[in-house]
Amino acid sequence: MKHGFIRAAALSPKVKVADPAFNARSIIEQAKEAAARGASILVFPELCITGYTCGDLFLQGLLLEEAKKQLAVIAEETAGLDAVIFAGLPLQYLDKLYNAAAVLNRGNILGIVPKTSLPNYAEFYEARHFEKGMRQTVPVTLWEGVTVPMGTKQLFVCENFKELRIAAEICEDVWAPDPPGVAHALAGASVIVNLSASDEVTGKDAYRRQLVAGQSARLVCGYVYANASDGESTQDVVYAGHSLIAENGTILKESRRFGSEPVYAEIDVRKLTAERRRMTTFEQAGTQDYTVTHFPLEIRETKLERYIDPSPFVPGDQAEREKRCEEILAIQAMGLKKRLEHTGCRQAVLGISGGLDSTLALLVTVRAFDLLGLPRKQVLAVTMPGFGTTDRTYENAVSLIQCLGAEFQEISIRDAVSVHLKDIGHSTGIHDITYENSQARERTQILMDAANKYNGMVIGTGDMSELALGWATYNGDHMSMYGVNASVPKTLVRHLVKYYADTCEDVALREVLLDVLDTPVSPELLPPEDGRISQKTEDLVGPYELHDFFLYQVLRFGHEPQKVMRLAKLAFAGKYEDGTILKWLGTFYRRFFSQQFKRSCLPDGPKVGSVAVSPRGDLRMPSDASARLWLDEISRMEKELNA
């Protein structure tokens, strides 16, 4: 449970119809195996103690009594397991029979949750045997000395991990128009379990998958769906054991159909809590009409077997990545198109360095001009060679402009910057921050004045990763009239340019783009060494793939440094040592807090993804906020690593 992770298991034991003793033994064996594998939430299928397909045998008192007896056996045999267990059985209350889920923990029966929606159509006829479950809890005596709450409105809360609040629904409940899970989530349930016996027909697995993923997304919860499989009667239908575990719209794991393999996954409960906290439309109703039962679990570190994406801004699947790239380019271009239309501006001005960011900005700008039906010659692309410009980046900049048909202009900044440095009494031989930033500001002045001259608009080229780290010159490349890359992280910039290269028909343009992609990221503000780039950004501030990973985890989910570090170690295992990751994580937090003043006055720009740093949108952060809490945790981690 450390860092909010809890391991869940969806289990489909082999059953014999109407043989509770056999089934109980199967359940106990699988429960012990799952607990040994670190699972703390164990979910078994609907009516698994008797089998779902008993038909009219459910009306036999002997079967019902044996089911209850075997529930007691399961409770006793699993008393030593550090887990909360959900198992289905038919249970009589007063003179009616209910399709129910029993909730067990350390030998205790915590409660009984009855099924709400009873299917009585097609191959289903549950209303023949069962009563619709009561919402409000009533006391039900299972056997002498054991009386527990029974009703759908129940929450089971871990007493030493309060964010873990579990509720249950049964099979058809999730298919109904108003699933009990909705009320459960609004009452605070962070994990919903579903004990199911969903038979298999052609195409049903796809719908089931969509349903479970959609329910977990709508309710911002973890969802554990355990389905019946081997052993159920195949008299009229077949059960394929299609079990799934989902988290906020993502299927973490699912089983193969026509098998009974267990499914394991770690649910990040704290991430779900953070997401609900962020979403103002997730209005929790509270637990006033719910029965809340607490249970203990040992606090331990859950071994993570889930995939941690090292590039969270970039889809791993190639087809999805191409679709995303096209979508983002369209958003960027449409944003600029609207701004040009609104201002009546028919000229754009960009500084082109031969680097990734300005390349992407130019690609977006010509696309916007194409959408407006304006000639590309009205895009003024300016190269401004300075003290650090190399032949490679210069030639790429010129070739790119020519290939795209923009208007080319070259204005060297060397003389102007030299005069300026002389005016303020600064030697050109001192290569400090003044030397560097004076070049960036001179370039911005040229672009702004050119925009005035041609009644144009300066298009910003800086990306979100640079803004997060403050790797921009204040009132230099930090400023523009519309920043098309403002919410595009560096790792995604690279893929957007690569996508453009892969899909363009112009061979010359493709070659230029591929060489831009192969060029080290650099502001080129220091003189070259032997004609090569001497100032590599990632040597100074760290690898952008790490910083983008940190940025996503911190802004999207509010994870603390320890958790970010843990996830990064898994995501970049074998690529970066722990000390390297921690070093750059510290750099990220220090720069992220200290450089907020640059983000507080950002130009307008389109949001393209779930994370952005605009002061008018996603990041309302004070410029003088203290980073002490976060840096203290980093310091403790450094001491532990070096101990």
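Small disclaimer: the values here were computed from a predicted structure and weren't measured.

Criteria and thresholds
- Residues numbered from 1 in each chain as written.
- Predicted model: local features only at pLDDT ≥ 70, side-chain atom pairs only at ≥ 80, totals over all residues.
- Heavy atoms only, no water.
- Helix = DSSP H or I, 4+ residues; strand = E, 2+ residues; numbered from the N terminus.
- Buried < 20%, exposed > 50% of the residue type's maximum accessible area, 1.4 Å probe, protein only.
- Areas by Shrake-Rupley, 256 points an atom, 1.4 Å probe, with all protein chains shown as cover.
- Lys, Arg positive; Asp, Glu negative; His and termini not counted.
- Charge placed at Lys NZ, Arg CZ, Asp CG, Glu CD.
- Disulfide = S-S within 2.5 Å.
- Contact = heavy atoms within 4.5 Å.
- Phe/Tyr/Trp six-rings, centres within 6.5 Å; stacked < 30°, edge-to-face > 60°.
- Lys NZ or Arg CZ within 6 Å of the ring centre and 35° of its normal.
- Axes fitted to C-alpha atoms, helices over the stretch in contact; angles between N-to-C directions.
- Left-handed = near helix turned anticlockwise from the far one by under 90°.
- Nonpolar A, V, L, I, M, F, W, Y, C, P; charged D, E, K, R; others polar.
- Pairing = 2+ DSSP bridges.
- Core = buried A, V, L, I, M, F, W, Y, C linked by side-chain atoms within 4.5 Å.
- Expected span 1.5 Å × (residues − 1).
- Parallel < 35°, antiparallel > 145°, perpendicular 65-115°, else oblique.

**So, the overall build of the protein**
Part 1 of the argument: Of regular secondary structure, the protein possesses 19 helices and 20 strands.
Part 2 of the argument: Within the protein, buried positions represent 56% of all 643 residues.
Part 3 of the argument: Here the protein displays about 26,700 Å² of accessible surface, and carbon together with sulfur accounts for 49% of that area.
Part 4 of the argument: The averaged location of the 83 negative side-chain charges in the protein is 2 Å from the averaged location of its 71 positive side-chain charges.

**Considering the state of the cysteines**
Part 1 of the argument: For the structure shown, the criterion picks out zero disulfides.
Part 2 of the argument: No disulfide involves C48; its sulfur sits 11 Å from the nearest other cysteine sulfur, which is in C54.
Part 3 of the argument: For C48, a relative accessible area of 2% corresponds to the buried category.
Part 4 of the argument: Of all cysteine sulfurs, the one in C48 lies closest to C171, which takes part in no disulfide; the gap is 13 Å.

**Considering the side chain of E275**
Part 1 of the argument: Relative to the helices and strands, E275 is located in helix α5 (residues 269–278).
Part 2 of the argument: A residue is classified by how much of its surface remains accessible, and E275, at 4% relative accessible area, is buried.
Part 3 of the argument: Ignoring anything within four residues of it in the chain, the contact list for E275 reads V220, N248, R556 and F557.

**As for the packing of aromatic side chains**
Part 1 of the argument: All told, the structure shown has 16 aromatic pairs when counted by the stated rule.
Part 2 of the argument: Where W175 meets Y207, the ring centres are 5.4 Å apart and the plane angle is 35 degrees; that geometry is what we call tilted. One end of the pair, W175, is in the loop between β9 (165–170) and α3 (180–186); the other, Y207, is in helix α4 (residues 204–218), with 32 residues separating them in the sequence.
Part 3 of the argument: An angle of 65 degrees between the planes, with centres 6.0 Å apart, marks the rings of F550 and F588 as edge-to-face. Note that F550 is positioned in helix α15 (residues 544–557) and F588 in helix α17 (residues 578–594), a separation of 38 residues in sequence.
Part 4 of the argument: You can call F550 buried: its relative accessible area is 0%.
Part 5 of the argument: Classification of F588 as buried rests on a relative accessible area of 1%.
Part 6 of the argument: Pairwise contacts between aromatic rings join F550, F588, Y589, F592, F593 and W630 into one cluster.
Part 7 of the argument: Lying over the aromatic face of W175, K204 brings its terminal NZ or CZ to 5.5 Å of the ring centre.

**Considerations on the packing of helix α7 (residues 356–372) against helix α13 (residues 507–517)**
Part 1 of the argument: The interhelical angle for the contact between α7 and α13, taken along N-to-C directions, is 145 degrees, at an axis separation of 9 Å. Crossing geometry of α7 relative to α13 is assigned as left-handed. From α7, L356, T359 and L363 reach across to α13, where they touch L513, V516 and L517.
Part 2 of the argument: Class assignment for the residues of the contact of α7 with α13 results in five nonpolar, one polar and no charged.

**Let's talk about the pairing of strand β12 (residues 244–247)**
Part 1 of the argument: Every second residue of β12 is oriented toward a common face, with L244 and A246 on one face and I245 and E247 on the other, all of them buried.
Part 2 of the argument: For strand β11 (residues 222–227) and β12, the ladder comprises four bridges, and the chain directions are antiparallel. Counterpart to Y225 in the pairing with β12 is L244.
Part 3 of the argument: Where β12 and strand β13 (residues 250–254) come together, four bridges link them in antiparallel fashion. Among the inter-strand pairings, A246 is bridged to a residue of β13, identified as I251.

**Examining the sheet that holds strand β19 (residues 457–460)**
Part 1 of the argument: Taken in spatial order, the five strands of this open sheet run β18-β17-β16-β19-β20, and their pairing is parallel. Whereas interior strands pair on both sides, the edge strands pair on one side only; in this sheet they are β18 (407–410) and β20 (482–483).
Part 2 of the argument: Of the strand pairs in this sheet, strand β17 (residues 379–383) and β18 are connected by four bridges, and their pairing is parallel. Within β18, the residue paired with A381 across the bridge is F408.
Part 3 of the argument: α7 contacts β16 (348–351), β17 and β19 of the sheet and is inclined by roughly 165 degrees relative to β16.

**Let's talk about the sheet that holds β9**
Part 1 of the argument: If you walk across this open sheet you meet the seven strands as β13-β12-β11-β10-β9-β8-β15, and the pairing is mixed. Strands at the two margins of the open sheet, each flanked by one partner only, are β13 and β15 (291–295). Direction aside, neighbouring strands of the sheet carry axes that sit 25 degrees apart on average.

**Re the pairing of strand β5 (residues 108–114)**
Part 1 of the argument: Where burial is concerned, most of β5 is hidden: six out of the seven residues are buried.
Part 2 of the argument: Between the antiparallel neighbours strand β4 (residues 96–105) and β5 lie two residues, among them R106 with a positive phi of about 50 degrees.

**Considering the nonpolar core**
Part 1 of the argument: Core analysis: the largest hydrophobic core is formed by 89 residues, its most contacted members being L362, F550 and L585.
Part 2 of the argument: A total of nine residues in this core trace back to one element, the largest contributor, which is α7.
Part 3 of the argument: The next biggest cluster of nonpolar side chains, apart from the first, holds 52 residues, and it includes V84, F161, V263 and L297.

**Some words on helix α19 (residues 628–642)**
Part 1 of the argument: Over its 15 residues, α19 runs 21 Å from end to end, which matches the ideal 21 Å to within 8%, given 1.5 Å per residue.
Part 2 of the argument: Buried residues along α19 sit in contact with α16 (561–571) and α17.

**Quick word on unusual backbone geometry**
Part 1 of the argument: Phi is positive for C171, which is not a glycine, with a value near 40 degrees.
Part 2 of the argument: Topologically, C171 is positioned in the loop between β9 and α3.
Part 3 of the argument: We note that N455 has phi near 55 degrees; this positive angle belongs to a residue other than glycine.

**Quick look at the packing of α16 against α19**
Part 1 of the argument: Where α16 contacts α19, the axes come no closer than 9 Å and their chain directions differ by 50 degrees. In terms of axis orientation, α16 runs oblique to α19. Across the interface between the two elements, P561, Q562 and M565 of α16 pack against W630, E633, I634 and M637 of α19.

Remember that the coordinates give geometry; whether it matters functionally is a separate question.
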